Amino acid sequence: MTPKKPKAGAAEAARKTRRPPGAAARSRPRRPGAATADPADARLEALAAERIAIEAVSPEIDGGRFPAKAVAGGHLAVEADIFGDGHDAIDAALLLRPAGTTAWTEAPMVLFDNDRWHGSITLPENRLYDYSIAAWRDLFASWRSEVSKKYGAGLAIGLEIEEGCRLVAKAAADGTRGTAEQRKALKRLDRELRAGTAEGDRFALLMGDDAAALMHQAGPRTNLTRHKVLQVFADRPAAAFSAWYELMPRSQSGDAGRHGTFDDVVARLPYVRELGFDVLYFPPIHPIGRTNRKGRNNSLIAEADDPGSPYAIGAAEGGHDAIHPELGSLEDFRRLVAAARDHGLEIALDFAIQCSPDHPWIRQHPEWFDWRPDGTIKFAENPPKKYEDIVNVHFYRDAIPGLWHALRDVVRFWIEQGVTIFRVDNPHTKPFPFWEWLIGEIRAQHPEAIFLAEAFTRPKVMKRLAKIGFSQSYSYFTWRNHKQELAEYLTELTREDCRHTMRPNFFVNTPDINPYYLQHSGRAGFRVRLVLAATLAGNYGIYSGFELCEAAAVPGKEEYLNSEKYEIRAWDWDRPGNVKDDVRLVNDLRRRHPALQDFTNIAFYNAWNDSILYYGKRTADLSSFLLFAVNLDPHNAQGAHFEVPLWEFGLPDEAAIEVEDLVTGSHFTWHGKVQHLWLDPRQRPYAIWRLIPPGAPR
């Protein structure tokens, strides 16, 4: 069938209105500032404007529900998948501002792998910050890339040069970005391009580094797309790096027949500091109840002179904001805090939310407690265990908000006395909303406050406590003794998402936990666990007696025999077989070597013996690079071939590297990647080396 011919004049009309292939139809232009008539079109235009995808942001805690953690003076490192449609060049920036303010500070993000971008920005203060990511199409960078290819291929680029000039002109006319000086420079560049007649001169100006820098700094950001606002809390450095020493103040008199005082603790401060610790932590120092007081070794019947458990808080003398009279007065405590500060020590207090049956709150606020049908108060229980000297508060019903406010005010009271570090007893048995509220309330006025969660509980519960605000967390390290489980656990803590919120504190023992490993390992085992805790973690701690290798246990239990929780003890702090030299060594190394001041930089290397844990820690610039080999078998000598990580320095397998033995101070050279070690626990169950980068001073 023959097509019909168009009517006269129709062909000419069609020719005039024909669009080039792929060109969009023109719509009637909307007046500047005119409102979009159709709400659906407004949504369409908003969606169309944000062409850049920003995905898989890290850190982003539970979709932004909780803040990430960082350290004041350190950096916030953020990664994200950032990409757009087509082949246009894109750029991105990391945005930061103090929470509650409006002006953003920017740091550039860079592409490093498969649409994955990275950026880092300094957090100068101990406070809460907002952060986000902005990404946009960089039309000038896209133009430069395209015209460079055409120029290199020898194609005519006169029209492309005109397009580049127009991009500059538009940026100069916009004038909303960059500094005043940069905007002036951009206008000068625009004038030069307009004045120039030679195509080569204009091309040289457009392709120059100055033009590229100006357009990046002050040019428009097309299709600017922003991720939602997230938050990060910058703790003071002690939240991420600290060495804790725990002691019972009442056992510091040196005489088991005399109750220790705060003045006795003051006399012990030089000892604690000389060992290299920076946090001195006390279990509860409050009045101890007499009703159902526990006797020695947790006996249900106490003798007249038994001091009771310090965790049975509250008596006629007061509750959580009072001091046990035999320790001293509040003024004595303030003097202790000041004296500790003079020795470079911070005092940490136990915040235990439990009461003896004699606590004043029971009479003043019976609605805060659980009562049984017969009118008696319910004791604390962890079936089959029963704590007859303790009762618990409840947090809801008539206890809210009064109890919540009272507990917040307890923390505020001790902050007024100079204490800003709190170890919180069993926080997992109290409501998550309570802790989120309380920590938020305290940090609003005292961002320097640090909270350690003593929670040996289910993994997800421990991680939730970290997310809701706890600065540090107890961990399962106490029970990780074998090579594979240690490596797997440390890899989880330092590589998975929990690294952004959970800072473990590797306590080697506590008044409640006398680990089986220590009970049967002898002195070598104490040295092993000390070195592991102090070098694997940013925060670690010991309970006094550890340095004396105290291991006497209640048979069949992870509990100390003749525990200080129930009686006053006196110790010979210089008794033979102690590990004080090891404690001094590791604490000195922690202070002197930056590699040990980061938790997430652990790397496990090959040592071909399942009894030897071999790992390294390093700074990003490799200026501080330490290696550790620890014999986990406290009874037998172990040897192994191991790999020196020459590849980390870009060295071949046959290269040589200088080494310092950080225990003996000797220097030597390793030749080649594979070396051999031998660790005899009767001599020393660990080795610590510093690798000296090629060309660095010894």
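Residues numbered from 1 in each chain as written. Predicted model: local features only at pLDDT ≥ 70, side-chain atom pairs only at ≥ 80, totals over all residues. Heavy atoms only, no water.

Looking up the chain in an unreviewed UniProt entry gives the name Alpha-1,4-glucan:maltose-1-phosphate maltosyltransferase, with the organism given as Tistlia consotensis USBA 355. Under Catalytic activity (unreviewed entry), UniProt gives the following word-for-word description of the chain: "alpha-maltose 1-phosphate + [(1->4)-alpha-D-glucosyl](n) = [(1->4)-alpha-D-glucosyl](n+2) + phosphate". (UniProt positions renumbered as here; feature names shortened; annotations may be inferred.)

A. Broad picture of the nonpolar core. Membership of the largest hydrophobic core comes to 135 residues, with the highest contact counts inside it found for Ile82 and Phe333. For this core, the leading source of residues is helix H15 (residues 516-536), giving 10 residues. Beyond its immediate sequence surroundings of up to four residues, Phe333 is in contact with Phe262, Phe282, Ile285, Ile323, Ile347, Leu349, Trp414, Gln417 and Val419. By size, the runner-up hydrophobic cluster in this structure holds 23 residues, among which are Leu627, Phe642, Ala655 and Trp689. (Core = buried A, V, L, I, M, F, W, Y, C linked by side-chain atoms within 4.5 Å. Buried < 20%, exposed > 50% of the residue type's maximum accessible area, 1.4 Å probe, protein only. Helix = DSSP H or I, 4+ residues; strand = E, 2+ residues; numbered from the N terminus. Contact = heavy atoms within 4.5 Å.)

B. Expanded view of the packing of aromatic side chains. Applying the stated criterion across every chain yields a total of 40 aromatic pairs. When the ring of Trp404 is compared with that of Trp437, the centres are 5.8 Å apart and the planes differ by 55 degrees; the resulting orientation is tilted. Of this pair, Trp404 sits in helix H11 (residues 402-416) while Trp437 sits in helix H12 (residues 432-445); the two residues are 33 residues apart in sequence, bridging distant segments of the chain. Judged by centre distance (5.4 Å) and plane angle (70 degrees), the rings of Phe642 and Trp670 are edge-to-face. Highlighted residues: Phe642 in strand E23 (residues 638-643) and Trp670 in strand E25 (residues 667-671), separated in sequence by 28 residues. (Phe/Tyr/Trp six-rings, centres within 6.5 Å; stacked < 30°, edge-to-face > 60°.)

C. Looking closely at the sheet that holds strand E15 (residues 421-425). Strand order across the open sheet formed by 8 strands is E17-E16-E15-E12-E11-E10-E19-E18, with parallel pairing between neighbours. In this open sheet, the two strands that pair with only one neighbour each are strand E17 (472-473) and strand E18 (505-507). Relative to strand E19 (residues 539-543), E18 runs parallel, the two being bridged by 3 bridges. Bridge pairing in E19 places Phe507 opposite Gly541. Across the sheet, H12 is in contact with strand E12 (346-351), E15 and strand E16 (450-454); its angle to E16 comes to roughly 160 degrees. (Pairing = 2+ DSSP bridges. Axes fitted to C-alpha atoms, helices over the stretch in contact; angles between N-to-C directions.)

D. Representation of the domain arrangement of the chain in the model. Along its sequence, the chain is carved into domain 1 (49-234), domain 2 (240-285 + 323-353 + 393-592) and domain 3 (602-692). Computed from C-alpha coordinates alone, the two centres of domain 1 and domain 3 are separated by 44 Å. (Domains from an automatic or database assignment.)

E. Local environment of the side chain of Glu564. By secondary structure assignment, the location of Glu564 is in the loop between E19 and helix H16 (580-592). Despite its burial, Glu564 pairs with no opposite charge; the closest candidate is Arg569, at 6.5 Å N-O. Polar side-chain contacts of Glu564 include one of 2.4 Å to the side chain of Tyr543. Side chain to side chain, Glu564 and Trp571 meet in a polar contact 3.4 Å long. Filtering out sequence-adjacent residues up to four positions away, Glu564 remains in contact with Met248, Arg250, Ser251, Tyr543, Ser544, Arg569 and Trp571. (Lys, Arg positive; Asp, Glu negative; His and termini not counted. Salt bridge = Lys/Arg side-chain N within 4 Å of Asp/Glu carboxyl O. Polar contact = N/O pair within 3.5 Å; in protein donor to acceptor, adjacent residues only side chain to side chain.)

F. View of the side chain of Arg221. For Arg221, the position within the fold is in the loop between helix H7 (209-218) and strand E8 (222-226). Using a relative accessible area of 17% as the deciding quantity, one classes Arg221 as buried. For Arg221, the contacting residues outside a window of four places in its chain are Glu106, Trp136, Arg137 and Arg177.

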